[in-house]
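Remarks on the overall topology
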Amino acid sequence: MPPAQLSQALAARKNVATGLLLALFGSIAFSGKAIIVKLAYRYGVDAVTLIMYRMLFALPIFAVMAWWASRGKPPLTRNDWLGVLGLGFTGYYLASFLDFAGLAYISASLERLILYLNPTLVVMLGWALYGRGIRWGQAVGMLISYCGVLLVFGHEANLQGTNAALGTLLVFLSAVSYAIYLVYSGELVKRLGSLRLVGLATTVACLCCLLQFVVLRPMSAAVVAPEVIWLSILNATLCTAVPVLMVMMAIERIGAGMTAQTGMVGPLSTILMGVWILGEPFTVWVAAGTALVITGIFVFTQLARRPAA
């Protein structure tokens, strides 16, 4: 092989390796959010206060992201702003708050498995809203993954009773809310770009969380343990802003498909961190449920990429 071609091949291989590492660490960092939230709950803070602090520390990062991505671009139209406000409310504010609230009742492992069902919810919303078909193979993958979640849920319900049902419902609604964001964000992504839309929508979500705290809680509720502050800073940076950038950089290098496949490490990393850091039990039910969810989503995504016959 000529030196020039060899150099290009090595550069391409290095680019792929970098993309895989970015996708891997981005997925693990995202998964750490549930662990941090569970740790913070040990200090007596509630979901409204905890998400306020997370978004307070994340706000400057996302505001800068929005400004950076908007440089030299045309201003947003009225419809663009309405779209950003709607998507910021559903995709980041509501989804995040429901997720935080649900984590008060269920394990981090079950939470991550529920959120991992997101691709199936997007397809079902496409079927319900636009009449898009669902292939039989996709339906099989969905059935396998939902059986996995039900298996882990049944185990937790035996231990925690109705609290497990409430927590599962809240996290599932969080996944639905984010799926709505994904379904409706397509056109805005094309017009604004992914980085600009994410920056603007998350800024809206941050402001909603701050407003929610002001309306629902007295200012004295902001006095929390120092550990909650540090955990919120870690959540806002390492588990929120940093993985967003990592995943976007990974998609640029290896594409959305391979990035999504690498993201399958997410549920596993959450379970391992839950056992190691939180002391959550790792039972045969959790192992079997996780295997079913990952298998189901793998089957689902593989068949979703195949061209229709």
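Residues numbered from 1 in each chain as written. Predicted model: local features only at pLDDT ≥ 70, side-chain atom pairs only at ≥ 80, totals over all residues. Heavy atoms only, no water.

**Looking at the overall build of the chain**
When you go through the chain residue by residue, the secondary structure sums to 12 helices and zero strands. Ordered by position from the N terminus, the helices and strands of the chain form the series α-α-α-α-α-α-α-α-α-α-α-α. Relative to the globule expectation of 19 Å for 309 residues, the C-alpha radius of gyration of the chain, 20 Å, shows essentially globular dimensions. In terms of overall dimensions, the chain has C-alpha extents of about 65 × 50 × 45 Å along its principal axes. In the chain, of all internal contacts separated by at least 6 residues, the share reaching a separation of at least 24 is 89%. (Helix = DSSP H or I, 4+ residues; strand = E, 2+ residues; numbered from the N terminus. Rg over C-alpha atoms; globule rule 2.2 N^0.38 Å. Contact = heavy atoms within 4.5 Å.)

**Some points on the pattern of salt bridges**
Tallied over the full model, the rule gives four salt bridges. With its nearest N and O atoms 2.7 Å apart, the salt bridge here joins D46 to R217. Separated by 171 residues along the polypeptide, D46 in the loop between α1 (3–41) and α2 (47–70) and R217 in the loop between α9 (194–216) and α10 (226–262) bring together distant segments of the chain. In this structure, R191 engages D80 in a salt bridge whose closest nitrogen and oxygen atoms are separated by 2.8 Å. In this pair, R191 sits in helix α8 (residues 186–192) while D80 sits in helix α3 (residues 78–102), placing the two residues 111 residues apart along the sequence. Here the salt bridges share partners, and the residues they tie into one network are K33, D99 and E111. (Salt bridge = Lys/Arg side-chain N within 4 Å of Asp/Glu carboxyl O.)

**Notes on a nonpolar patch on the surface**
A cluster of nonpolar side chains, namely L211, V214, V215, L216 and M219, defines an oily patch on the protein surface of about 530 Å² accessible area. Within the element layout of this structure, M219 appears in the loop between α9 and α10. The exposure class assigned to M219 is exposed, which follows from its relative accessible area of 58%. (Patch = residues over 30% accessible without salt bridge, like charges linked within 9 Å, V, L, I, M, F, W, Y side chains within 5 Å. Areas by Shrake-Rupley, 256 points an atom, 1.4 Å probe, with all protein chains shown as cover. Buried < 20%, exposed > 50% of the residue type's maximum accessible area, 1.4 Å probe, protein only.)

**Side note on the side chain of T240**
When you line up the elements, T240 lands in helix α10. Residue T240 is classed as buried on the basis of its relative accessible area of 7%. Only 3.1 Å separates the side chain of T240 from the side chain of R54, close enough to count as a polar contact. A polar side-chain atom of T240 sits 2.6 Å from the main-chain carbonyl oxygen of N235. Setting aside residues up to four positions removed in sequence, T240 forms contacts with F30, R54, F62 and N235. (Polar contact = N/O pair within 3.5 Å; in protein donor to acceptor, adjacent residues only side chain to side chain.)

**Some details on helix α7 (residues 162–184)**
When the terminal C-alpha atoms of α7 are compared, their 33 Å separation across 23 residues agrees well with the 33 Å that a helix rising 1.5 Å per residue should span. If you check which residues of α7 are buried, you get A164, G167, T168, L170, V171, S174, A175, S177, A179, Y181 and V183. The elements touched by buried residues of α7 are α3, α4 (108–115), α5 (118–130), α6 (136–160), α8 and α9. (Expected span 1.5 Å × (residues − 1).)

**Some points on the packing of aromatic side chains**
Aromatic rings considered in pairs are described by the distance between their centres and by the relative angle of their planes. For the structure on display, the rule yields six aromatic pairs. In textbook terms, an aromatic cluster arises when at least three aromatic residues are bridged by ring pairs, as seen for Y92, Y178 and Y181. The aromatic ring of W68 is capped on one face by R71, whose charged end is 3.6 Å from the ring centroid. (Phe/Tyr/Trp six-rings, centres within 6.5 Å; stacked < 30°, edge-to-face > 60°. Lys NZ or Arg CZ within 6 Å of the ring centre and 35° of its normal.)

**Focus on the confidence of the model for the chain**
Per-residue confidence for the chain averages 85 on the pLDDT scale, and 90% of its residues sit at or above 70. Put simply, α1 is where the chain has its lowest mean pLDDT, 77, and α2 is where it has its highest, 93. (pLDDT = per-residue confidence, 0-100.)

**Digging into the side chain of S96**
Among the secondary structure elements, S96 is positioned in helix α3. Non-local contacts of S96, meaning those with residues more than four positions away in its chain, are made with I51, R54 and M55.

**Considerations on the nonpolar core**
If you look at the biggest cluster of nonpolar residues, it comprises 53 residues, and the most contacted ones within it are Y41, L50, V84, F100 and L197. Counting residues per element, the ones that place at least two in this core are α1, α2, α3, α7, α8, α9, α10 and α11 (265–278). The biggest single contributor to this core is α2, with 12 residues. Excluding residues within four positions of it along the chain, Y41 makes contact with D46, A47, L50, F100, A101, L103 and A104. (Core = buried A, V, L, I, M, F, W, Y, C linked by side-chain atoms within 4.5 Å.)

**Topic: α4**
Residues spaced three or four apart along an α-helix point in a common direction, a consequence of the helix completing one turn every 3.6 residues. With eight of its eight residues buried, α4 lies for the most part within the structure. Here α4 has its buried residues at A108, S109, L110, E111, R112, L113, I114 and L115.

**A short note on the packing of α2 against α3**
α3 packs onto α2 with a crossing angle of 130° between their chain directions and a minimal axis gap of 9 Å. Here α2 lies oblique to α3, going by the angle between them. Crossing geometry of α2 relative to α3 is assigned as right-handed. In this structure, α2 uses A47, V48, L50, I51, R54 and M55 to contact α3, whose residues at the interface are Y92, S96, F97, F100 and A101. Among the residues making up the contact of α2 with α3, the classes are represented as nine nonpolar, one polar and one charged. (Axes fitted to C-alpha atoms, helices over the stretch in contact; angles between N-to-C directions. Parallel < 35°, antiparallel > 145°, perpendicular 65-115°, else oblique. Left-handed = near helix turned anticlockwise from the far one by under 90°. Nonpolar A, V, L, I, M, F, W, Y, C, P; charged D, E, K, R; others polar.)

**A word on the packing of α4 against α11**
Relative to each other, α4 and α11 sit at 170°, their axes nearing to 8 Å. Relative to α11, the element α4 is oriented roughly antiparallel. Here A108, S109, R112 and L113 of α4 lie close against α11, whose contacting residues are G266, P267, T270, I271 and L278.

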